[in-house]
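The lines below spell out each chain.
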Amino acid sequence: SSTIVKLHGEGALRRHLMDLGLIKGTSFKVVKVAPLGDPVEVTVRNYELSIRKADAEMIEIEAE
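Please read all numbers here as calculations on a predicted model, not as lab measurements.

## As for the overall build of the protein
Helices and strands together make up the secondary structure of the protein, namely 2 helices and 5 strands. Each helix and strand of the protein, ordered N terminal to C terminal, gives the series β-α-β-β-β-α-β. Here the protein has a C-alpha radius of gyration of 11 Å; the compact-globule value for 64 residues is 11 Å, and the two agree. The principal-axis extent of the C-alpha atoms belonging to the protein is close to 30 × 25 × 20 Å. In the protein, the share of contacts with a sequence separation of at least 24, taken over all contacts with a separation of at least 6, comes to 46%. Accessible area of the protein: about 4,400 Å², with a carbon and sulfur share of 52%.

## As for the sheet that holds strand 3 (residues 40-44)
Read across the sheet, 5 strands follow the order 4-3-2-1-5 without closing on themselves; strand pairing throughout is antiparallel. Looking at the sheet topology across the chains shown, the edges are occupied by strand 4 (47-51) and strand 5 (59-63). Each strand axis lies, on average, 45° off the axis of its neighbour in the sheet, ignoring direction. Examined bridge by bridge, strand 3 and strand 4 share 5 bridges and lie antiparallel to one another.

## Thoughts on the pattern of salt bridges
In the structure shown here, the tally under the stated rule is 3 salt bridges. For the salt bridge of Arg15 with Asp19, the shortest nitrogen-to-oxygen distance reads 3.2 Å. Taken together, the residues span about one helical turn, with Arg15 and Asp19 both in helix 1 (residues 11-19) at a distance of 4 residues. A salt bridge links Lys32 to Glu41, with the nearest nitrogen and oxygen atoms 3.9 Å apart.

Cut-offs used in this document
- Residues numbered from 1 in each chain as written.
- Predicted model: local features only at pLDDT ≥ 70, side-chain atom pairs only at ≥ 80, totals over all residues.
- Heavy atoms only, no water.
- Helix = DSSP H or I, 4+ residues; strand = E, 2+ residues; numbered from the N terminus.
- Rg over C-alpha atoms; globule rule 2.2 N^0.38 Å.
- Contact = heavy atoms within 4.5 Å.
- Areas by Shrake-Rupley, 256 points an atom, 1.4 Å probe, with all protein chains shown as cover.
- Pairing = 2+ DSSP bridges.
- Axes fitted to C-alpha atoms, helices over the stretch in contact; angles between N-to-C directions.
- Salt bridge = Lys/Arg side-chain N within 4 Å of Asp/Glu carboxyl O.

In structure tokens:
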């Protein structure tokens, strides 16, 4: 489990991640990682979300 501290990046991709519920202060949990490491499945706001590793790198987190 971790908490989102900040979203880096800009433009449409940042807005898309925010629309998916990845905003500052939100808790999430990594559920699965694909065999080759991409994508990553996380549980956020009671739903499962698969995001690419490159997109996940833009999310600054704080481990709980």
